[in-house]
Amino acid sequence: QVQLQESGGGLVQAGGSLRLSCAASGRTFSSYAMAWFRQAPGKERAFVGAINWSGGSAFYADSEKGRFTISRDNGRNTVYLQIDRLKPEDTGVYYCAAHRLYGSSRSAAAADAWGQGTLVTVSS
């Protein structure tokens, strides 16, 4: 099973940009679709977006379209989440998740593996 570790979080000002990384261990990374979720303070974990195994297809939650971009580098076993024009409501812990099925990657319950999360705090 793949193991995941996020990094890149921190305190940023509104309007700035941030790129989160999720490094995977194991030889099977390229067989997984990868998703990002955000858990805001006091709220449930919410889907942000996902990318298929090759990186050729990605989709996002309707609320996240336009400011979030997911990419992956299978040679580095890493998936990225670029967040632009950050807003205070982007604050939360960001998790990456591995899914065997791209079509199920919107579902947190369907994830095969999770990282520990990285905290993003956006100040106004």
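The rules behind these values
Residues numbered from 1 in each chain as written. Predicted model: local features only at pLDDT ≥ 70, side-chain atom pairs only at ≥ 80, totals over all residues. Heavy atoms only, no water. Helix = DSSP H or I, 4+ residues; strand = E, 2+ residues; numbered from the N terminus. Buried < 20%, exposed > 50% of the residue type's maximum accessible area, 1.4 Å probe, protein only. Polar contact = N/O pair within 3.5 Å; in protein donor to acceptor, adjacent residues only side chain to side chain. Contact = heavy atoms within 4.5 Å. Pairing = 2+ DSSP bridges.

Peer 1: Quick question: what am I supposed to make of the side chain of Arg67 here?
Peer 2: Note that Arg67 resides in the loop between strand S6 (58-60) and strand S7 (68-73). Look at Arg67 and you get buried, because its relative accessible area is 9%. In terms of polar contacts, Arg67 uses its side chain to reach the backbone carbonyl oxygen of Arg85, at 3.1 Å. At 2.8 Å, the side chain of Arg67 forms a polar contact with the side chain of Asp90. Apart from residues no more than four positions distant in its own chain, Arg67 is found in contact with Gln82, Ile83, Asp84, Arg85, Leu86, Lys87 and Asp90.

Peer 1: I'm lost on the side chain of Thr118 in this one. Help?
Peer 2: Summarising the element assignment, Thr118 is placed in strand S11 (residues 118-123). At a separation of 3.0 Å, a polar atom in the side chain of Thr118 contacts the main-chain amide nitrogen of Gly9. With residues up to four places along the chain from it excluded, the contact list for Thr118 reads Glu6, Ser7, Gly8, Gly9, Leu20, Gly92, Val93 and Tyr94.

Peer 1: Whenever I open this one, the pairing of strand S5 (residues 45-51) confuses me. Can you help?
Peer 2: Every regular strand shows the same layout, with side chains that alternate between the two sheet faces. Counting buried positions along S5 gives 5 out of 7 residues, so the element sits mostly inside the fold. Where strand S4 (residues 33-39) meets S5, 6 bridges bridge the pair, whose relative direction is antiparallel. Across the sheet, Trp36 pairs through a bridge with Gly49, a residue of S5. The antiparallel hairpin formed by S4 and S5 contains 5 residues in its connecting segment, where Gly42 sits at a positive phi of about 75°. Alignment of S5 against S6, held across 3 bridges, turns out to be antiparallel. Counted as the bridge partner of Ile51 is Ala58 from S6. In textbook terms, the turn of a hairpin is the stretch between consecutive antiparallel strands, and for S5 and S6 this stretch comprises 6 residues, one of which, Gly55, has a positive phi near 90°.

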